[in-house]
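Survey of secondary and tertiary structure
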Amino acid sequence: MEIKTLEEAFTAFNDLRILVIGDSMIDSYLWGDVERISPEAPVPVVSRTKKENRLGGAANVAINIKSLGAKPILASVIGNGRRSGTFKKLMDQQGLTKQGIYESNTRLTTNKTRIISNNQHLLRVDEEENEPLNSDTETAFLNHLLFILENQKIDSIVFEDYDKGSITPKIIKEIAKKANDQNIPLLVDPKKRNYYHYKSISFFKPNFKELVEGLNVQIEKTNSEAIFNAAKDMHEKQGIEWVMVTLSEQGILISNGKEYKHFSAKIRNISDVSGAGDTIIGISSVGLALGLSPWIIAEISNIGGGQVCERPGVVPVEKQQLLKECQTLIKDFKPHKTNT
């Protein structure tokens, strides 16, 4: 089919199924009042008033994909203890399928607890494992992923890497081979540990900090030419087709190794930048699955990432709001043939 307008593209998102592989977690928020200092140590005593659990990490990418109308399959390794029940209950609340979840008795379900008082973030407590999966769990999880790819029509795959160990070099290599064999677009939101293991990838989306740390280079965020030259190194050495670097207040730069485009960020009333990267990779995954031009995907992602920063907390993009602003700002939407 041929997509002629942005509205047709956004409608076509509803027919897509996206596999999100990566490190998922529970984000816990504990709010309270501070009225005194502890007599045991010079620290504030927080009287809890409210606690809330939310899905985070790769799960938030799945939530963004669902908000765009597509059908995400979240594939993560979690523990099989008490917190796994909380995690699965949160998935039910978000309407996410659990078919991609693999429970292991050798892993913890990652939990990050933020303690907040008077709108100030006082402390964060992380309960997690950062070591790569052991051999048995790695094999079982990989077979679990391959079973999904062999038995369902998947339109694109996302690696959402938080360096928590669910994504290993072996999993990267085998899933990349399967994706290339089946002509499925493969996108990566990377962290440092596996940076150079991502090869033969369709779409690589580091933020600026991840780019300079991953490549061990010193460049300025405002120097588009230097960022492009750094991206070219990944195109050539790792076989990456498209590199899109998110630059926070400087917008987005996207490269195909031969040329690049820089899309400036729109001036907005920024409330919270948390989760913008999850929104951007979510938009990119449905756009690439649909066969849209990566240049257009970068424009839409730039707008969507900005929109979620206007709202407090980690929130998914709102599809109709995104469409409305894209129709206003994107003037050169050319027809595209989809992959379906």
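Before going into details, it helps to say that this report is about the structure given with it. Residue positions within a chain follow its written sequence, with the count starting from 1. Local features in this predicted model are restricted to residues of pLDDT 70 or higher, and side-chain atom pairs are both shown and tallied only at a pLDDT of 80 or more, whereas totals for entire chains, interfaces and linings draw on every residue. The side-chain values count all of the structure's non-hydrogen atoms but skip hydrogen atoms and water molecules.

Our next topic: the overall build of the chain. Counting from the N terminus, the helices are DSSP H or I runs at least four residues long and the strands are E runs at least two residues long. In terms of helices and strands, the chain carries 10 helices and 16 strands. Within these notes, the globule rule equals 2.2 Å times the number of residues to the 0.38 power, and the radius of gyration is based on C-alpha atoms. Computed over its C-alpha atoms, the radius of gyration of the chain comes to 20 Å, within 12% of the 20 Å expected for a compact globule of 340 residues. Seen through its C-alpha atoms, the chain measures out along the principal axes to roughly 65 × 50 × 40 Å. Between buried and exposed lies partly exposed: a residue is buried under 20% and exposed over 50% of the maximum accessible area for its type, with that area taken using a 1.4 Å probe on protein chains only. The burial tally for the chain puts 53% of its 340 residues in the buried class. In the chain, of all internal contacts separated by at least 6 residues, the share reaching a separation of at least 24 is 70%. Accessible surface for the chain amounts to roughly 15800 Å². Of this, 46% is attributable to carbon and sulfur atoms. Contacts are residue-level and defined by heavy atoms, with any inter-residue pair within 4.5 Å sufficient. Per-residue and other accessible areas follow the Shrake-Rupley method at a 1.4 Å probe size, with only the shown protein chains counted as cover for residues.

Right, let's get into the sheet that holds strand β13 (residues 242-246). Taking strand neighbours across the sheet as the criterion, the eight strands line up as β5-β2-β10-β11-β12-β13-β14-β15 in an open arrangement whose pairing is mixed. The outermost strands of the open sheet, each flanked by one partner alone, are β5 (71-75) and β15 (260-263). One bridge is not enough; two strands pair if DSSP finds at least two bridges between them. Both β13 and strand β14 (residues 252-255) contribute to a ladder of four bridges, which runs antiparallel. Across the sheet, the residue bridging to V243 is S255, located in β14. To get an axis, fit a line to the C-alpha atoms, keeping to the stretch in contact for a helix; angles then go from 0 to 180 degrees between the N-to-C directions. The sheet contacts of helix α5 (residues 169-181) involve β2 (17-22), β10 (156-160) and β11 (186-189), and relative to β10 the element is tilted by about 165 degrees.

Let's shift gears to the sheet that holds strand β8 (residues 111-117). For sheets, the rule is that strands pair by backbone hydrogen bonds, running either parallel or antiparallel. Spatially, four strands are ordered β4-β3-β8-β9 in an open sheet, and the strand pairing comes out mixed. Strands with a single pairing partner mark the edges of an open sheet, and in this sheet they are β4 (44-57) and β9 (120-127). Between one strand and the next, the sheet's axes are offset by a mean angle of 20 degrees, whatever the strand orientation. Note that β8 and β9 share seven bridges and pair antiparallel. Considered in β9, the bridge of I115 is made with L123. Strands β3 (24-37) and β4 of the sheet are contacted by helix α2 (residues 58-67), whose axis makes an angle of about 60 degrees with β4.

Attention now moves to the packing of helix α6 (residues 208-215) against helix α7 (residues 224-238). It is the contact of α6 with α7, at a shortest axis distance of 11 Å, that shows an interaxial angle of 60 degrees. One element, α6, and the other, α7, form an angle in the oblique class. Between α6 and α7 lies a crossing whose hand is left-handed. Listed contacts from α7 to F208, L211 and L215 of α6 are I227, A230, D233 and M234. Classification used: nonpolar for Ala, Val, Leu, Ile, Met, Phe, Trp, Tyr, Cys and Pro, charged for Asp, Glu, Lys and Arg, polar for all others including Gly. Looking at side-chain class alone, the contact of α6 with α7 contains six nonpolar, no polar and one charged residues. Between 65 and 115 degrees an angle is taken as roughly perpendicular, under 35 as roughly parallel, over 145 as roughly antiparallel, and anywhere else as oblique. Should the near helix be turned anticlockwise from the far one by less than a right angle, the crossing is termed left-handed; should it be turned clockwise, right-handed.

It is worth spelling out the packing of aromatic side chains at this point. For Phe, Tyr and Trp, rings pair up if their centres lie within 6.5 Å, where Trp contributes its six-membered ring, and each pair is then called stacked (planes under 30 degrees apart), edge-to-face (over 60) or tilted (otherwise). Evaluation of the coordinates by the stated rule reveals eight aromatic pairs. Each ring, one from F159 and one from Y198, has its centre 5.8 Å from the other, and the planes form 50 degrees; the classification is tilted. Within this pair, whereas F159 is found in strand β10, its partner Y198 is found in the loop between β11 and β12 (203-204), the two being separated by 39 residues in sequence. An identical accessibility class is assigned to F159 and Y198; each is buried.

So, on to helix α4 (residues 135-151). The span you would expect from a helix comes to 1.5 Å times its residue count less one. Given a rise of 1.5 Å per residue, 17 residues ought to cover 24 Å, and the 24 Å separating the end C-alpha atoms of α4 matches this to within 8%. Regarding α4, the residues found buried are T137, E138, F141, L142, L145, L146, I148 and L149. Down the axis of α4, the sector holding all buried residues measures 165 degrees, keeping them to one side. In α4, those exposed residues whose orientation departs by more than 90 degrees from the buried face are D136, F147, E150 and N151. Of the surrounding secondary structure, the elements contacted by the buried residues of α4 are β2, β5, β6 (77-79), β7 (102-104), β10 and α5. Within 3.5 Å is the distance limit for a polar contact, defined as a pair of N or O atoms, with the added protein rule that one can donate a hydrogen and the other accept it, and that residues adjacent in sequence qualify only through two side-chain atoms. Backbone nitrogen of D136 and a side-chain oxygen of the N-cap are separated by 3.2 Å at the start of α4; the cap is N134. Summarising the geometry, the arc corresponds to the directions from the helix axis toward the C-beta atoms.

To continue, consider the nonpolar core. One finds I18, L74, F87, I300 and L322 to be the most contacted residues of the largest nonpolar core, which totals 54 residues. The leading source of residues in this core is helix α8 (residues 276-290), at seven residues. With residues near it in sequence (within four places) discarded, L74 still touches V20, S24, A58, A59, A62, F87, M91, G100 and I101. Nine residue types can take part in a nonpolar core, namely buried Ala, Val, Leu, Ile, Met, Phe, Trp, Tyr and Cys, and a core is a set of them joined through side-chain atoms within 4.5 Å. I167, I184, V212 and L215 belong to the second largest nonpolar core, which has 41 residues in total.

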